[in-house]
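Residue strings, one per chain:
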Amino acid sequence: MGDLTILGVDCGATKVIAQSVNFDQNTKMLIPGDFHMELSYPDRPNWNPGFIPVHLDLQQQEFSKGNICLTESEIDQGDVIVETIQQVIHQSGADSIGLCFPGIKNEQGIVIMANGPRIPDLLERISEIDSLYHDSDCCVLGEWKSSIGKLEKCDNAVYIGGGTGIADGILLKGALIDFNQRNDVKRSWELFMPDGRSVEYSLSPKGMTDQWNSSQNEDVDSLSQFIQHENALSIFQKATEAFSFLIQDRIEFFKRNHSEIEKVVIGQRLGQFLSQNDSSFKSMIESSKEIPIEYSSDRRTAAMGAAWKKACL
């Protein structure tokens, strides 16, 4: 059988990244194709940069009661996201599409969303899509099942994708674990440090920039804008503590399952930042645990993982 051409679409908190792939049906591996596009929501005229998500407790209550009441700002923000996805799909001309999205999903759309609007009718509004995949899973699959990934031929590994939140991934004995199907391992947002902050908040680039903005009364958008400042040290120390806490949790998980971690891959914005900056923060991360660490700086991996799921599921 020959190769299949598929479009993978990664919908994040701030942009859509699309990548076409060639899928080898014999090896079940991906190679990037010719089409690539990135569209940022803030570049669109109706995007609200000051959007505040509905409190998670209320979202969970509404979902459990089967009565999701979207706010006007959620509807408007969701419209921008849907329109952006539609533009990418139309410009690609693809008819086989895999799409991943953050948040809690049901059969129709996004029903709980920590860092954005709920879009419970997403699949109804985008006819070219028939399933929604988890962004965390797709990040790991893109690293594991593509020619650009850092986890090829790896059986036991930990993936940490740092962006708006943390995309958690674990390969155990040659299989990607499903956090939703296990009660013996938690995601980063479910793990809390002694000071009460979640690992996700302490380690994600958004969490770190939020800490800087609130403590310095200064608005920055990225870690590189304050990495050299002496006041950043405490933030990076907390991030290193969170990283160490997370890896120790994963080490114990592997021990319970009679395995050992081969490597840790740090991806997304956190991986890009650490791969491009030789800093005290990077030194602290690398010296915190005696496990090989690799950095993935390719932004296409989640989109490629979504394409892999479309091809194989």
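Scroll up to find the structure.
Below you will find a few notes about this structure. (Residues numbered from 1 in each chain as written. Predicted model: local features only at pLDDT ≥ 70, side-chain atom pairs only at ≥ 80, totals over all residues. Heavy atoms only, no water.)

Turning next to the sheet that holds strand β9 (residues 166-172). Read across the open sheet, the five strands follow the order β10-β9-β8-β11-β12; overall the sheet is mixed. This sheet does not close on itself; its edge strands, each paired only once, are β10 (175-176) and β12 (293-295). Where strand β8 (residues 157-162) lies against β9, six bridges are found, and the strand directions are antiparallel. Of the residues in β9, the one forming a bridge with I160 is D168. (Pairing = 2+ DSSP bridges. Helix = DSSP H or I, 4+ residues; strand = E, 2+ residues; numbered from the N terminus.)

Attention now moves to helix α9 (residues 280-288). By the burial criterion, the buried members of α9 are F281, K282 and I285. With its buried residues spanning 100° around the axis, α9 presents them on a single face. Those residues of α9 that are buried are in contact with α6 (205-216), α7 (233-256), β11 (263-267), α8 (268-276) and β12. (Buried < 20%, exposed > 50% of the residue type's maximum accessible area, 1.4 Å probe, protein only. Arc of directions from axis to C-beta. Contact = heavy atoms within 4.5 Å.)

One pass over the structure, following the stated rule, counts 13 salt bridges. Between R118 and E62 there is a salt bridge, with its nearest N and O atoms 2.8 Å apart. Of this pair, R118 sits in the loop between β6 (110-112) and α3 (122-125) while E62 sits in helix α1 (residues 56-64), and the two are 56 residues apart along the sequence. Note that D298 and R300 form a salt bridge whose closest N and O atoms lie 2.8 Å from each other. Taken together, the shared-partner salt bridges connect K15, E38 and R299 into one network. (Salt bridge = Lys/Arg side-chain N within 4 Å of Asp/Glu carboxyl O.)

Judged by how many residues are buried, β11 sits mostly within the fold: five of five residues are covered. By the alternation rule, side chains of β11 split into K263, V265 and G267 and V264 and I266, which are all buried. In this sheet, β12 lies alongside β11 in parallel orientation, the contact comprising three bridges. Within the sheet, the bridge partner assigned to I266 lies in β12 and is Y295.

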